[in-house]
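# Close look at the chain arrangement
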Amino acid sequence: MADIRLMRHAAYKGHRPGYHAPPDAPLSAEGYDQLRRMPPPLDGITGIVTSPLLRARQTAETLGSLTGLPVIASSDLLIEWRAPTSIQGTTSETCPPAYRAWRIHRHTSPHLAYEDGESLVALHRRATHAAAHLHHLAGHRGGVLVVSHKLLLGVLLRLPMGPSASFEAAARAVWPFGAMEPFPRHRFGART
């Protein structure tokens, strides 16, 4: 089985701790600088798969230009957790009180979504499909670099924990912009 590397997109405009980025948040000058300073592509990586959200897509396209690796696919399975529209562009301190109340109970009711957002069960289901898709793609195309978002990537690495625990662990985890992690081959039914 070919290698799969998971990468968080580069830094984007407007980021601050606890910020819920809107889908169209572009990379910042710092983000482009991060990409220019990255080491050469990993051995065995033959292409890039990306989330279609702007900051991930710009990361993938810039990496492709810098390394010669083609962007071979864009998948909605790789978009970030679908935060409710009402909290996009807010921080933990400025989001609506009803959302803060939902956050307190989301781990005991993971099937419930807040407004038009994605429930933790729906995110986990999507991440499970993404894992199968990535293993299938790597099996046919060779090693891939996956450019996506912190919460989705964190849930991917923690699928066996279930919807609530994987989300909470991913939310607490530190995953710097531009950092890469291997996606283990032995997990989630992938054949070695």
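Residues numbered from 1 in each chain as written. Predicted model: local features only at pLDDT ≥ 70, side-chain atom pairs only at ≥ 80, totals over all residues. Heavy atoms only, no water.

## Structural notes on the pairing of strand 4 (residues 143-148)
To be explicit about the condition: Throughout this description, buried means an accessible area under 20% of the type-specific maximum (1.4 Å probe, protein chains only), exposed means over 50%, and partly exposed covers the range between. Secondary structure is summarised from DSSP: a helix means a run of H or I of at least four residues, a strand means a run of E of at least two, and numbering begins at the N terminus for each. Any two strands with at least two DSSP bridges between them are considered paired.
With six of six residues buried, strand 4 lies mostly within the body of the structure. Taking every second residue as pointing to the same face, both faces of strand 4 are buried, with G143, L145 and V147 on one and V144, V146 and S148 on the other. Taken together, the five bridges between strand 1 (residues 4-8) and strand 4 define a ladder with parallel strand orientation. Residue pairing across strands places R8 opposite S148, the latter belonging to strand 4. Pairing of strand 2 (residues 45-50) with strand 4, which is carried by five bridges, proceeds in the parallel orientation. Counterpart to V49 in the pairing with strand 4 is V146.

## What to know about the side chain of Q34
Using the following cut-off: For this analysis, residues touch if any pair of their heavy atoms sits within 4.5 Å.
Inspection of the secondary structure assignment puts Q34 in helix 1 (residues 29-36). Among all residues touching Q34, those that are not within four sequence positions of it are A10, A11 and F177.

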